[in-house]
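Summary of the model geometry
Spelled out, the chains give:
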Amino acid sequence: MTFQIPDFTPVIPEMFVLGMACAILVIDLFVPQSRRDITYGLVQFTLLGAAVLTLALAAPETRLTFNGTFIADRLSDLLKVAVYVITAAVFLYSRPYLKDRDIYRGEYYVLGLFGVLGMMVMISAYSFLTLYLGLELLSLCLYAMVAFNRDSSRASEAAMKYFILGSIASGMLLYGMSILYGITGSLDIIEVSDYLITAGGGLNVPLIFALTFVVVALAFKLGAVPFHMWVPDVYHGAPTSVTLFIATAPKLAGLAIVLRLLVDGLGPLHGDWQGMLMILAVLSLAVGNVVAIAQTNIKRMFAYSTISHVGFILLGLLAGTPEGYGAALFYVIAYAVVSAGGFGMIILLSRRGFEAENLDDFRGLNERSPWFAFIMLLIMFSLAGVPPTVGFYAKLAVLQAVVQVDMVWLAVYAVIFAIIGAFYYLRVVKLMYFDKPEDETPLPRATGMNVVLSINGLLVIALGIFPGVLMSLTTGVVTW
Amino acid sequence: MNFEAFLFYFFAAIVVGAAVAMITVRNPVHAALFLVLTFFTSAALWIMLEAEFLGIVLVLVYVGAVMVLFLFVVMMLDINLTRMREGFMRFLPVGILVAVAMATVMSLVVVRHFRVDAPERAAADYSNTEALGRILYTEYVYPFEIAAVILLVAIIAAIALTLRRRPGTKAIDPAKQVRVSREGRVRMVDMKSEGKS
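Residues numbered from 1 in each chain as written. Chains lettered and ligands numbered in written order. Predicted model: local features only at pLDDT ≥ 70, side-chain atom pairs only at ≥ 80, totals over all residues. Heavy atoms only, no water.

Per an unreviewed UniProt entry, chain B carries the name NADH-quinone oxidoreductase subunit J and comes from Thioalkalivibrio denitrificans. The heading Catalytic activity (unreviewed entry) in the UniProt record of chain B holds the text "a quinone + NADH + 5 H(+)(in) = a quinol + NAD(+) + 4 H(+)(out)". Chain B has a UniProt comment under Subunit (unreviewed entry) that states "Composed of 13 different subunits. Subunits NuoA, H, J, K, L, M, N constitute the membrane sector of the complex." (UniProt positions renumbered as here; feature names shortened; annotations may be inferred.)

In the nomenclature of an unreviewed UniProt entry, chain A corresponds to NADH-quinone oxidoreductase subunit N from the organism Thioalkalivibrio denitrificans. Recorded in UniProt for chain A, the comment headed Subunit (unreviewed entry) runs: "NDH-1 is composed of 14 different subunits. Subunits NuoA, H, J, K, L, M, N constitute the membrane sector of the complex."

So, in structure tokens, the structure goes:
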């Protein structure tokens, strides 16, 4: 066997992020606590540099390297840049929160950066092995970040639950992958797909056996019902800055592995996994929207809202058409942007010794700060899917894709539950505008966070008025 | 039944028996030792499959390092077993139901559909270790490096989560005590003497 030195060019962004993360880890040791902003600045610089490198190396054609374990295509370029941008906003929002709670430490950002590396590996994975390793790298960083506030017993409990259920999901994924390897004789997604195409149709019980494990593991990681038990506890227990991180960028990477695994690799089995995703989507939409109504804690409410949005993303995927995949991609990016804004608002209202995590803390926000009440209104409208926000177009695109494949009942069902869900989003708007504030403390002003949060809120409506920009990008990168 | 098949069934029986014993014995130390036995006999099975390197690594890493550490932890921690058994009986019926259902379905699939012919024996001069090394640093170098990063993250996470001063500990720093000077402890105050009024 001759071995050729792989082409390193497509991997340069990953190498840059890894190198910088290691460098920051060492530099941080020599930075006194009062100058911790240096670490923070370097982390943001890394994300910027990675974005520049990714864009500079972006090419229209698909490139495989490292013996086909790594793929760089337009889908990976788009998702990676989205991950950098959203993570940069997340880190910016986290800063005041961490400072107020005395956990403003270098390791937090280094772990976050390694998490970004894990997401990049997942997005570019083209072999079961790299896909799994990227997922583990991301998950390990997230477990540690959830437990980062060691003095909070609730955070430790959440980290423990997340760790155990995450490990079970990883085990399921490995089990499914190993059976697939046993059947097809390869770990490369492209070879698995080739095998399935040549094997042809017909009922193949071992393949469906393996597929079940893979789908269950992915449902665990995405938080789809009935594998959603960890989502509310982790969202609630983790420090808000970590919840913000978990609820945004990893969803993009999660969708990427679903696309690579189910669509690229197991695409010929579409008829089999369509039914599984349908059950997950139907249950997620119902449980997410109905249980969210009963929540008084806004972090838990957002957790159930995430579950219902995962249901919508699954709708786009199960359609199995390029339009459906493009719509799911649009939905997940829109959701990450909106969700970053939502958790950013919670951080904005919190301060030292006070967590604005109950719905009542949003009472009368309009009197305290009309501008941020408006931003929150945009975010809530977008989550509920009210035009002209981006959430409306995301839902519309997904529903169109579902209707195109003649599953009108599913679209009607999704709309009914979206309307039920609108209740708890609009309740927040009602609390902000029609109730008296319980807490008159003025909001902090004139920090970078306020500016970025405003931009984030305006982006929600800008993408809603001009959805074509993002829509052309997301449908353009889908090549199936 | 030739000698090889006999060896296989011998080791396989020990693996299953030790695994069952591991989850059923009451004493956690015994459970850990049964797990060691399971690992050891699994390693023997792997060696029979011509995967000598993996077998040796299993013994070195899992038996030699992980389980010894685990035994230390089990012996040092005061685990309250009665509290851990709470609710065991309550969840037992549901647990058994789920386990039986899953085992039936899985065994139906596995027994009926997975039939693979035994692979050919490797030549006598074939080295499993060399083959692994060859492939690990060439074809699988990218996954290998990611695995290294995962280990690095594990170290960072472990240190970040445990290296800290707990509030309220009464630990004392001897160096600090030795370095104490008179000025740090005694303050001379000038006071007028007060007579009886």
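Quick notes on the overall build of chain B
Secondary structure assignment for chain B yields 9 helices and 0 strands. Here chain B has a C-alpha radius of gyration of 29 Å; the compact-globule value for 197 residues is 16 Å, and the former is much larger. Taken over the C-alpha atoms alone, chain B extends approximately 110 × 50 × 30 Å along its principal axes. Within chain B, the proportion of its 197 residues that are buried is 19%. As displayed, chain B has an accessible area near 16,000 Å², and 68% of this comes from carbon and sulfur atoms. (Helix = DSSP H or I, 4+ residues; strand = E, 2+ residues; numbered from the N terminus. Rg over C-alpha atoms; globule rule 2.2 N^0.38 Å. Buried < 20%, exposed > 50% of the residue type's maximum accessible area, 1.4 Å probe, protein only. Areas by Shrake-Rupley, 256 points an atom, 1.4 Å probe, with all protein chains shown as cover.)

Some details on the side chain of Asp28 of chain A
With respect to the element layout, Asp28 of chain A can be found in helix α1 (residues 12-29). With residues near it in sequence (within four places) discarded, Asp28 of chain A still touches Arg36, Thr39, Gly106 and Glu107 of chain A. (Contact = heavy atoms within 4.5 Å.)

Concerning the pattern of salt bridges
All names here are of chain A. For the coordinates displayed, the defined rule picks out 20 salt bridges over all chains. One salt bridge in this structure joins Asp37 and Lys99, with 3.7 Å as the shortest N-O distance. Of the two residues, Asp37 sits in helix α2 (residues 37-57) while Lys99 sits in helix α3 (residues 74-100), which places them 62 residues apart along the sequence. Where Lys299 meets Glu357, a salt bridge forms, and the shortest distance between an N and an O atom there is 3.5 Å. Within this pair, whereas Lys299 is found in helix α13 (residues 298-319), its partner Glu357 is found in the loop between α14 (322-349) and α15 (365-368), the two being separated by 58 residues in sequence. By the burial criterion, Lys299 is buried, and Glu357 matches it. Overlapping salt bridges, with partners in common, bring together Glu157, Lys161, Asp233 and Arg300 in one network. (Salt bridge = Lys/Arg side-chain N within 4 Å of Asp/Glu carboxyl O.)

Looking at unusual backbone geometry
Residues and elements named next belong to chain A. Cis geometry marks the peptide bond from Val225 to Pro226; its omega dihedral reads 5°. Position of Pro226 among the secondary structure elements: in the loop between α8 (205-222) and α9 (230-237). A cis geometry characterises the amide bond from Pro387 onward to Pro388, with omega recorded as 5°. Its place among the elements puts Pro388 in the loop between α16 (370-384) and α17 (390-404). The backbone of Phe66 sits at a positive phi, close to 50°, despite the residue not being glycine. In this structure, Phe66 sits in the loop between β1 (63-65) and β2 (70-72).

Thoughts on the layout of surface pockets
Here the largest pocket defines a volume of roughly 1,500 Å³. Every residue lining the largest pocket is counted, 23 residues in all, and those nearest its centre are Leu129 of chain A together with Leu54, Val57, Leu136 and Ala147 of chain B. (1 Å grid on protein atoms, 1.4 Å probe; cavity = no way out; pocket = protein on both sides within 12 Å on 5 of 7 lines; lining within 4 Å. Points joined across faces, edges and corners; volume = space filled by probe spheres on them.)

Section: the interface of chain B and chain A
Contacts between chain B and chain A engage 25 residues on the former and 37 residues on the latter. Summing both partners gives a buried area of about 2,800 Å² for chain B against chain A, and 82% of it is carried by carbon and sulfur. Applying the counting criterion to the chain B and chain A interface returns 0 salt bridges. Taken together, chain B and chain A are joined by 2 residue pairs in polar contact (both at pLDDT 80 or more). Among the elements of the structure, α5 (88-113) and α7 (141-162) of chain B are those that each provide at least two residues to the side of chain B that touches chain A. The element best represented in the side of chain B that touches chain A is α7 of chain B, accounting for 15 residues. (Buried area = accessible area lost by both parts, 1.4 Å probe. Polar contact = N/O pair within 3.5 Å; in protein donor to acceptor, adjacent residues only side chain to side chain.)

Re a nonpolar patch on the surface
All names here are of chain A. On the surface, Val290, Val403, Val408, Val412, Ile416 and Ile420 cluster together to form a nonpolar patch covering roughly 450 Å² of accessible area. When residues in the nonpolar patch are grouped by element, the largest group, 4 residues, is from helix α18 (residues 408-434). By secondary structure assignment, the location of Ile416 is in helix α18. Classification of Ile416 by relative accessible area gives partly exposed; the value is 44%. (Patch = residues over 30% accessible without salt bridge, like charges linked within 9 Å, V, L, I, M, F, W, Y side chains within 5 Å.)

Observations concerning the UniProt feature "transmembrane region" (unreviewed entry) in chain B
Residues and elements named next belong to chain B. Here, UniProt's "transmembrane region" (unreviewed entry) annotation points to residues 6-25, 32-49, 55-79, 91-111 and 140-163. Taken end to end, residues 6-25 is 95% helix and 0% strand, and its first and last C-alpha atoms sit 28 Å apart. Summarising residues 91-111: 100% helix, 0% strand, and an end-to-end C-alpha distance of 29 Å.

Overview of the packing of α16 of chain A against helix α19 (residues 448-465) of chain A
Residues and elements named next belong to chain A. α19 packs onto α16 with a crossing angle of 40° between their chain directions and a minimal axis gap of 9 Å. Looking at the two axes, α16 sits oblique to α19. Between α16 and α19 lies a crossing whose hand is left-handed. For the pair α16 and α19, the contacting residues are Trp371, Phe372, Ile375, Leu378 and Ser382 in the first and Asn450, Leu453, Ser454, Gly457, Leu458, Val460 and Ile461 in the second. Residue composition of the contact of α16 with α19, by class: 8 nonpolar, 4 polar and no charged. (Axes fitted to C-alpha atoms, helices over the stretch in contact; angles between N-to-C directions. Parallel < 35°, antiparallel > 145°, perpendicular 65-115°, else oblique. Left-handed = near helix turned anticlockwise from the far one by under 90°. Nonpolar A, V, L, I, M, F, W, Y, C, P; charged D, E, K, R; others polar.)

Describing the nonpolar core
In terms of nonpolar packing, the biggest core is built from 205 residues, with Leu262, Trp273, Leu315 and Leu317 of chain A touching the most fellow members. A total of 20 residues in this core trace back to one element, the largest contributor, which is α14 of chain A. If sequence neighbours within four positions are ignored, Trp273 of chain A has contacts with Leu211, Val215, Leu262, Val263, Leu266, Leu317, Leu318 and Tyr325 of chain A. Listed in part, the 8 residues of the second largest apolar core include Val36, Phe39, Ala43 and Leu71 of chain B. (Core = buried A, V, L, I, M, F, W, Y, C linked by side-chain atoms within 4.5 Å.)

Considering empty space enclosed by the protein
Residue and element names in this part refer to chain A. On inspection of all chains with the given rule, the structure shows 7 cavities of 30 Å³ or more. Roughly 260 Å³ of internal volume is contained in the largest cavity. Forming the walls of the largest cavity are 19 residues, and the residues nearest its centre are Leu135, Tyr162, Lys221, Leu222 and Trp230. Counting only elements with at least two residues in the lining of the largest cavity, the list comes to α5 (128-146), α6 (153-184), α8 and α11 (249-265). Here the element with the most residues in the lining of the largest cavity is α5; it accounts for 5 residues.

Quick look at the confidence of the model for chain B
For chain B, the average pLDDT comes to 86, and 93% of its residues sit at 70 or higher. As scored by the predictor, the complex reaches a pTM of 0.91 and an ipTM of 0.92. (pLDDT = per-residue confidence, 0-100.)

Some points on the environment of Asp190 of chain B
Residues and elements named next belong to chain B. Within the element layout of this structure, Asp190 appears in the segment after α9 (182-185). Among the residues examined, Asp190 registers a relative accessible area of 81% and is labelled exposed. In this structure, the C-alpha to C-alpha distance between Asp190 and Leu33, residues 157 residues apart in sequence, is 70 Å.

Some remarks on the packing of aromatic side chains
All names here are of chain A. One pass over the structure, following the stated rule, counts 29 aromatic pairs over all chains. Ring geometry for Tyr175 against Phe213: centres 4.8 Å apart, planes inclined by 85°, an arrangement best described as edge-to-face. Note that Tyr175 is positioned in helix α6 and Phe213 in helix α8, a separation of 38 residues in sequence. Given the relative accessible area of 37%, Tyr175 is considered partly exposed. Taking the centre distance of 5.0 Å and the plane angle of 50° together, the rings of Phe302 and Phe343 count as tilted. Of this pair, Phe302 sits in helix α13 while Phe343 sits in helix α14, and the two are 41 residues apart along the sequence. (Phe/Tyr/Trp six-rings, centres within 6.5 Å; stacked < 30°, edge-to-face > 60°.)

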